[in-house]
Amino acid sequence: EPEVTQTPSHQVTQMGQEVILRCVPISNHLYFYWYRQILGQKVEFLVSFYNNEISEKSEIFDDQFSVERPDGSNFTLKIRSTKLEDSAMYFCASRVVAGGSDTQYFGPGTRLTVL
Amino acid sequence: AQSVAQPEDQVNVAEGNPLTVKCTYSVSGNPYLFWYVQYPNRGLQFLLKYITGDNLVKGSYGFEAEFNKSQTSFHLKKPSALVSDSALYFCATASSGTYKYIFGTGTRLKVLA
């Protein structure tokens, strides 16, 4: 069964450093998302991406964040200058474009720890 | 704005007993409602969804959910709980437009042997 994959599973970085989180969505999916979950809290939407552009972003997704689909299979989230409060689990999700009834499939997540 | 609420932080149930994890929603228009489960250090796994039609939706691992329009609820149920069902459960709705998910705060289910 196809699945969303994410690398690395755990990333430790120093405050102020850049990180890139990678995702490989399911191959026939066209809509992509990033969410994050701060430890013990709920899952929050960061950004959605369709047709090679951002379709919606939350207020969390400020100028320090960017997303890219560099090669037609990978979907990346870059944090330019990490802050302590960026420490969280980051989930990538994808779905086939079929409206709100369509299910999003989530990757296993990348745990980002900012020291 | 669309939202879902999970009123219980934790639910404890004895193995073999029926379980219910509650979710209420506030959605304009037709609600698209989902349940996901998260095991420790794992991603979110899809359990089931309600789009339209039958109010009782059956999903993975023996779970089902009942959509109740008058009470704006979408409670997750299972007739007989297993210890392995112990996990964090999230209710979600898909917003209009980009259909991003809006999650509830999650309910930790503990099934006691």
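This text goes with the structure placed above it.
Quick notes on the overall build of chain B
For step 1, the next point in the chain: When you go through chain B residue by residue, the secondary structure sums to zero helices and 12 strands.
For step 2, the next point in the chain: When the helices and strands of chain B are placed in sequence order, the string is β-β-β-β-β-β-β-β-β-β-β-β.
For step 3, the next point in the chain: On C-alpha atoms alone, chain B measures out to a radius of gyration of 13 Å, which is about the 13 Å that the 2.2 N^0.38 rule sets for 113 residues.
For step 4, the next point in the chain: C-alpha extents for chain B along the principal axes are approximately 45 × 30 × 20 Å.
For step 5, the next point in the chain: Of all 113 residues assigned to chain B, the portion counted as buried reaches 48%.
For step 6, the next point in the chain: A separation threshold of at least 6 residues defines the contact pool for chain B, and within that pool the share at least 24 residues apart is 55%.
For step 7, the next point in the chain: Accessible area of chain B: about 5,300 Å², with a carbon and sulfur share of 48%.
For step 8, the next point in the chain: Distance between charge centres in chain B, computed from 10 positive and 7 negative side chains, equals 6 Å.

Structural notes on unusual backbone geometry
For step 1, the next point in the chain: With an omega of -10 degrees, the peptide bond running from Thr7 of chain A to Pro8 of chain A counts as cis.
For step 2, the next point in the chain: Examined against the element boundaries, Pro8 of chain A turns out to sit in the loop between strand 1 (5-7) and strand 2 (10-13).
For step 3, the next point in the chain: Its identity as a non-glycine residue notwithstanding, Tyr61 of chain B has a phi of 55 degrees, on the positive side.
For step 4, the next point in the chain: Secondary-structure assignment places Tyr61 of chain B in the loop between strand 7 (56-58) and strand 8 (64-68).

Brief notes about the nonpolar core
For step 1, the next point in the chain: One finds Trp35, Leu47, Leu48, Phe74, Leu76 and Tyr89 of chain B to be the most contacted residues of the largest nonpolar core, which totals 27 residues.
For step 2, the next point in the chain: Mapped by element, the contributors of at least two residues to this core are strand 2 (10-14), strand 3 (19-21), strand 5 (33-38), strand 6 (44-50), strand 8, strand 9 (73-78), strand 10 (87-94) and strand 12 (107-112) of chain B.
For step 3, the next point in the chain: Other than its neighbours up to four places away in sequence, Leu47 of chain B contacts Trp35, Tyr36, Val37, Gly59, Ser60, Tyr61, Phe63, Leu76 and Tyr89 of chain B.
For step 4, the next point in the chain: Among the nonpolar cores identified, the runner-up in size contains 21 residues, and Val4, Leu46, Phe65 and Phe75 of chain A belong to it.

Observations regarding the pairing of strand 9 of chain B
Remark: a regular strand shows side chains that alternate across the two faces of the sheet.
All names here are of chain B.
For step 1, the next point in the chain: With five of its six residues buried, strand 9 lies for the most part within the structure.
For step 2, the next point in the chain: Where strand 3 and strand 9 come together, three bridges link them in antiparallel fashion. The residue bridging Leu19 from the neighbouring strand is Lys78, located in strand 9.
For step 3, the next point in the chain: Bridging between strand 8 and strand 9 involves five bridges; their strand directions are antiparallel. Paired with Ala65 across the strands is Leu76, a residue of strand 9.
For step 4, the next point in the chain: Between strand 8 and strand 9, which pair antiparallel and follow one another directly, the connecting turn spans four residues, one of which, Thr72, has a positive phi of 45 degrees.

Focus on the packing of aromatic side chains
For step 1, the next point in the chain: According to the stated counting rule, one finds 24 aromatic pairs over all chains in the structure shown.
For step 2, the next point in the chain: The side chain of Arg95 of chain A reaches across the aromatic face of Tyr31 of chain A, ending 4.2 Å from its centre.
For step 3, the next point in the chain: The cationic tip of Lys100 of chain B hangs over the ring face of Phe45 of chain A; the distance from NZ or CZ to the ring centre is 5.3 Å.

Describing the side chain of Gln37 of chain A
For step 1, the next point in the chain: Within the fold, Gln37 of chain A resides in strand 4 (residues 31-37).
For step 2, the next point in the chain: Within polar-contact distance, the side chain of Gln37 of chain A engages the side chain of Gln38 of chain B at 3.0 Å.
For step 3, the next point in the chain: In contact with Gln37 of chain A, other than residues within four places in its own chain, are Lys42, Val43, Ala88, Met89 and Phe91 of chain A together with Gln38, Leu88 and Phe90 of chain B.

Quick notes on the layout of surface pockets
For step 1, the next point in the chain: Space inside the largest pocket adds up to approximately 530 Å³.
For step 2, the next point in the chain: Around the largest pocket, the lining comprises 19 residues; the ones closest to its centre are Glu1, Glu3 and Phe106 of chain A together with Leu44 and Gln45 of chain B.
For step 3, the next point in the chain: Examining the composition of the lining of the largest pocket, we find that three residues originate from one element, strand 6 of chain B, more than from any other.
For step 4, the next point in the chain: Of the residues that constitute the lining of the largest pocket, the class distribution is nine nonpolar, seven polar and three charged.
For step 5, the next point in the chain: Taken as a whole, the second largest pocket holds about 430 Å³ of empty space.

Thresholds applied
- Residues take numbers from 1 onward in each chain, read along the sequence in its written order.
- For this description, chains carry letters from A and ligands carry numbers from 1, given in the order in which they are written.
- With the structure being a predicted model, the display of local features is reserved for residues of pLDDT at least 70 and the display and counting of side-chain atom pairs for 80 or more, all residues being used for whole-chain, interface and lining totals.
- The side-chain numbers reported here are obtained from all heavy atoms of the structure, hydrogens and water having been left aside.
- Numbering of helices and strands starts at the N terminus; helices are DSSP runs of H or I of at least 4 residues and strands are runs of E of at least 2.
- We take the radius of gyration over the C-alpha atoms and set the globule estimate at 2.2 Å times the residue count to the 0.38 power.
- Note on exposure labels: buried denotes an accessible area under 20% of the residue type's maximum, exposed denotes more than 50%, and partly exposed covers the range between, all computed with a 1.4 Å probe on protein chains only.
- In this description, contact between two residues means that some pair of their heavy atoms is separated by no more than 4.5 Å.
- Each accessible area value is a Shrake-Rupley result obtained with a 1.4 Å probe; residue values ignore everything except the protein chains displayed when judging cover.
- Charge counting follows a simple rule: Lys and Arg are positive, Asp and Glu are negative, and His as well as the terminal groups are ignored.
- Charge coordinates come from a single atom per side chain, which is NZ of Lys, CZ of Arg, CG of Asp or CD of Glu.
- Put simply, buried Ala, Val, Leu, Ile, Met, Phe, Trp, Tyr and Cys residues joined by side-chain atoms within 4.5 Å make one nonpolar core.
- Two strands are said to pair when DSSP picks up at least two bridges between them.
- By convention, a stacked pair of Phe, Tyr or Trp rings (six-membered ring in the case of Trp) has centres within 6.5 Å and planes under 30 degrees apart, an edge-to-face pair has planes over 60 apart, and any other such pair is tilted.
- Both a distance and an angle decide whether a charge sits over a ring: NZ of Lys or CZ of Arg must be within 6 Å of the ring centre and within 35 degrees of the ring normal.
- Whenever two N or O atoms come within 3.5 Å, that pair is a polar contact, provided that in protein one can donate a hydrogen and the other can accept it, and provided that, for residues adjacent in sequence, both atoms are side-chain atoms.
- Lining residues are defined by having an atom within 4 Å of a point belonging to a cavity or pocket. Those points lie on a 1 Å grid over the protein atoms alone, cavities being sets where a 1.4 Å probe fits but cannot get out and pockets being open sets with protein on both sides within 12 Å along at least five of seven lines.
- Grid points are joined across faces, edges and corners, and a volume is the space filled by probe spheres set on the points.
- Polar here means any residue outside two lists: the nonpolar Ala, Val, Leu, Ile, Met, Phe, Trp, Tyr, Cys and Pro, and the charged Asp, Glu, Lys and Arg; Gly therefore counts as polar.

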